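If you want the building blocks of each chain, they are given just below.
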Amino acid sequence: MRSRLGSRHSKQHPWLKGLSLRLGIAVVVLVICIISLFYSFGFTNSSYSAENIDVDKLWRTADSGGWRSSSAPRSDWPPPPAETNGYLRVRCNGGLNQQRSAICNAVVAARIMNATLVLPELDTNSFWRDESGFPGIYDVEHFIKTLRYDIHIVKSLPEVSSKGKTKKLKAHQIRPPRDAPLSWYTTFALEKMKQHGAIYLTPFSHRLAEEIDEPELQRLRCRVNYHALRFKPHIMEISREIVNRLRSQGHFMSIHLRFEMDMLAFAGCIDIFTPAEQKILIKYRKENFAEKELVYRERRLIGKCPLTPEEVGLILRSMGFDNSTRIYLASGELFGGDRFMKPFRALFPHLENHSTVGPEKLEENARGLAGSAVDYMVCLLSDIFIPTYDGPSNFANNLMGHRLYYGFRTTITPDRKALAPIFMDREEGKGDRFEERVRKVMFNSGKFGGPHKRVRPESFYTNSWPECFCQVNAKNKKDKCPPNNVVELLESRLQSEELDDSDENRTASNSSAGLAEDSLI
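The shown structure was predicted, so the numbers you read here are calculated from the model rather than taken from an experiment.

**Considering the packing of helix α3 (residues 96-113) against helix α17 (residues 395-405)**
Part 1 of the reasoning: Direction vectors running N to C along α3 and α17 enclose 60 degrees, while the axes themselves pass 6 Å from each other. Taken together, the axis directions place α3 and α17 in an arrangement best described as oblique. Crossing angle aside, the handedness with which α3 passes α17 is left-handed. The residues of α17 that touch α3, namely those facing L96, N97, R100 and S101, are F395, N397, N398 and H402.
Part 2 of the reasoning: Here the contact of α3 with α17 is built from residues that sort into 2 nonpolar, 5 polar and 1 charged.

Here is the structure:
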């Protein structure tokens with residue numbers, strides 16, 4: 001019946017076909033016009049318009065949306081028991097960012113294992129050729145004091161007596177799996193700790209999963225990273241001196257210019273260099289990284305090549321920054337010599353680094369951890385920060401998270417994948433609307449350091465929102481800020497636990513593990 005009706009309807013009204021077609025086209029055109037108007041008036045996820053952006057606004061902090069940083073516990077958080085299951089040693093390998101992340105992970109591991117953490121070792125010899133270690137870079141006493149509500153920390157393994165001889169306790173060495181779950185530490189590692197009294201986890205870069213479904217442990221990571229890990233007074237003093245000099249003439253931005261030999265070799269981006277330089281990069285890659293066929297053009301198009309200094313300059317100019325902008329460069333030794341810096345310097349002549357604006361006393365250790373620590377602090381305190389290569393194991397990774405935590409300070413992150421075809425067109429003589437195209441890419445996200453949802457591959461250390469942030473007038477209970485006297489409450493509970501423990505320990509044997517441990521805390 002329906003089929004016949006439909007057929008008869010078509011035969012009786014042939015003009016309806018044309019009318020339907022015209023109406024359909026009109027609807028499509030109308031929808032396209034509405035969408036165009038929608039975007040032209042800026043109703044997108046971005047709070048910025050590429051055409052109407054006031055670049056001066058970027059010198060201010062990003063909109064907080066009513067959020068503020070907070071890593072204090074928001075639920076029951078008992079102090080560490082006086083007697084623990086043993087000692088945890090770790091060797092933190094890699095650069096400054098990997099080491100900080102590893103230290104945070106070590107504290108979390110010690111907490112869930114009820115272990116006493118031995119002051120973390122920094123693998124300075126292999127990467128930095130710097131033997132200053134943790135005590136030479138970080139304020140040890142501040143580190144121990146800040147984490148006293150979370151774990152026990154000692155500066156070295158204790159000595160033990162055996163058969164009339166005294167010797168240092170030996171830790172059982174284990175190579176932990178990469179991105180290990182919490183359960184690996186509370187089962188396998190804990191069993192070995194109880195068996196040997198101490199374990200030594202090495203290497204310890206990326207050895208605990210970042211995404212763990214326990215907000216209090218994530219907040220513990222933030223307490224370590226943004227409160228406990230404070231650089232030594234002389235590093236803080238040098239950093240403040242540099243920042244004051246730069247800021248004496250107004251705003252300044254910092255740029256992490258990742259254009260060193262190791263990164264270029266790792267990325268496989270070598271075609272822009274001379275044949276002699278390419279041989280050096282290929283040799284370095286063979287000696288340090290897994291063999292893999294890499295095609296420069298393909299790598300560049302997927303955003304795997306670091307931006308060149310000139311590209312950074314062109315991005316800034318396209319965004320609207322003028323040549324009076326003061327820029328602090330945080331970088332190692334740039335590969336390829338000054339020819340890569342000349343175009344950048346021609347666009348932005350006011351370039352500084354810790355060698356040009358820092359005190360002479362820094363120079364004796366400028367290439368070691370101290371120099372990197374100073375760069376870290378100056379970038380943290382700068383008005384704007386721009387990483388030119390953000391990756392899973394990078395100085396900029398942790399820094400972006402720290403700036404977010406430190407009051408939503410403006411961070412501009414270039415989308416290398418989206419920018420690559422624009423730069424390649426320019427190199428091939430097709431530079432029409434170059435600055436307009438760059439500007440659209442750069443102002444597309446509109447985040448610039450404000451609170452935003454963490455989306456893979458973004459790291460927890462790059463963005464600890466919402467776990468380490470709270471709202472005073474929160475609609476959701478889990479986002480509510482803890483009480484202002486949370487530290488006093490933790491201190492009171494800790495003292496109460498210590499009094500109870502001291503009463504119990506008076507009756508214990510002097511050779512017990514508990515007393516031996518207490519004497520080292």
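Let's pick the thread back up.
**Here's the deal with the pairing of strand β2 (residues 87-92)**
Part 1 of the reasoning: Both β2 and strand β3 (residues 116-118) contribute to a ladder of 2 bridges, which runs parallel. Within the sheet, the bridge partner assigned to Y87 lies in β3 and is T116.
Part 2 of the reasoning: Regarding the hand of the β-α-β motif, the stretch spanning β2, α3 and β3 is right-handed.
Part 3 of the reasoning: Relative to strand β4 (residues 121-122), β2 runs parallel, the two being bridged by 2 bridges. Paired with R91 across the strands is E121, a residue of β4.

**Focus on the pattern of salt bridges**
Should the charged atoms of two oppositely charged side chains come close, the side chains can pair.
Part 1 of the reasoning: If you walk through the whole model with that rule in mind, you get 26 salt bridges.
Part 2 of the reasoning: Linking R91 and D123 is a salt bridge whose minimum nitrogen-to-oxygen distance equals 2.9 Å. Placement of the pair is R91 in strand β2 and D123 in the loop between β4 and α4 (124-127), with a sequence separation of 32 residues.
Part 3 of the reasoning: Here the salt bridges do not stand alone but share partners, grouping E211, R454 and E467 into one network.

**Section: the packing of helix α13 (residues 309-319) against helix α19 (residues 434-442)**
Part 1 of the reasoning: Remark: α13 packs on α19, axes separated minimally by 8 Å, with the N-to-C direction vectors making an angle of 85 degrees. The angle between α13 and α19 falls in the class roughly perpendicular. Residues L314, I315, R317, S318 and M319 of α13 touch α19, and the partners they reach there are F434, E435, V438, R439 and M442.
Part 2 of the reasoning: Counted by class, the contact of α13 with α19 contains 6 nonpolar, 1 polar and 3 charged residues.

**Some thoughts on the sheet that holds strand β12 (residues 351-352)**
Part 1 of the reasoning: The parallel open sheet is built from 5 strands, whose spatial order is β12-β11-β10-β13-β14. Edge positions in the sheet fall to β12 and β14 (410-411), since each of these pairs with one other strand and no more.
Part 2 of the reasoning: Both strand β13 (residues 384-387) and β14 contribute to a ladder of 2 bridges, which runs parallel. By the bridge assignment, F385 is partnered in β14 with T411.

**Comments concerning the packing of aromatic side chains**
Part 1 of the reasoning: Under the defined criterion, the tally for this structure stands at 22 aromatic pairs.
Part 2 of the reasoning: With 5.9 Å between their ring centres and 35 degrees between their planes, F259 and F273 make a pair best called tilted. You can see F259 sitting in the loop between β10 (253-256) and α10 (261-267) and its partner F273 sitting in the loop between α10 and α11 (275-288), a full 14 residues away along the chain. Assigned by exposure class, F259 and F273 land together as buried.
Part 3 of the reasoning: Considering the side-chain rings of F273 and F335, the 5.2 Å spacing of their centres and the 70 degrees angle between planes classify their relative orientation as edge-to-face. Separated by 62 residues along the polypeptide, F273 in the loop between α10 and α11 and F335 in the loop between β11 (327-330) and α14 (342-347) bring together distant segments of the chain. No difference in accessibility class separates F273 from F335, as the two residues are buried.
Part 4 of the reasoning: Taken together, the aromatic side chains of F134, Y138, F143, F231, Y376 and F395 make up a single cluster linked through ring pairs.
Part 5 of the reasoning: The ring of Y200 carries R89 above its face, with NZ or CZ at 3.8 Å from the centroid.
Part 6 of the reasoning: The ring of W77 has R111 sitting right over it, with the charged end atom 3.8 Å from the ring centre.

**Re helix α18 (residues 416-427)**
Part 1 of the reasoning: Under the 1.5 Å per step criterion, the end-to-end length of α18 is 16 Å for 12 residues, consistent within 8% with the ideal 16 Å.
Part 2 of the reasoning: By the burial criterion, the buried members of α18 are R416, L419, A420, I422, F423, M424 and D425.
Part 3 of the reasoning: Looking one or two places after α18, you find G429, whose phi comes out positive at around 85 degrees.

**What about the confidence of the model for the chain?**
Part 1 of the reasoning: The share of residues in the chain with pLDDT of 70 or more is 81%, and the mean pLDDT across the chain is 84.
Part 2 of the reasoning: Scored below 50 in pLDDT, residues 1-17 shows 1 contact in the model against residues more than four places distant or in partner chains.
Part 3 of the reasoning: Ignoring residues within four places in sequence, the model shows residues 25-48, a span with pLDDT below 50, making 13 contacts including any to other chains.

**Observations regarding the pairing of β13**
Part 1 of the reasoning: Judged by which residues are buried, β13 turns out to be covered on both faces: I384 and I386 on one side and F385 and P387 on the other are all buried.
Part 2 of the reasoning: Sheet topology note: the β10/β13 ladder contains 4 bridges and is parallel. Bridge assignment links S254 to a residue of β13, and that residue is F385.

Each value, and the rule that gives it
Residues numbered from 1 in each chain as written. Predicted model: local features only at pLDDT ≥ 70, side-chain atom pairs only at ≥ 80, totals over all residues. Heavy atoms only, no water. Axes fitted to C-alpha atoms, helices over the stretch in contact; angles between N-to-C directions. Helix = DSSP H or I, 4+ residues; strand = E, 2+ residues; numbered from the N terminus. Parallel < 35°, antiparallel > 145°, perpendicular 65-115°, else oblique. Left-handed = near helix turned anticlockwise from the far one by under 90°. Contact = heavy atoms within 4.5 Å. Nonpolar A, V, L, I, M, F, W, Y, C, P; charged D, E, K, R; others polar. Pairing = 2+ DSSP bridges. Right-handed = clockwise from strand over helix to strand, strands pointing away. Salt bridge = Lys/Arg side-chain N within 4 Å of Asp/Glu carboxyl O. Phe/Tyr/Trp six-rings, centres within 6.5 Å; stacked < 30°, edge-to-face > 60°. Buried < 20%, exposed > 50% of the residue type's maximum accessible area, 1.4 Å probe, protein only. Lys NZ or Arg CZ within 6 Å of the ring centre and 35° of its normal. Expected span 1.5 Å × (residues − 1). pLDDT = per-residue confidence, 0-100.

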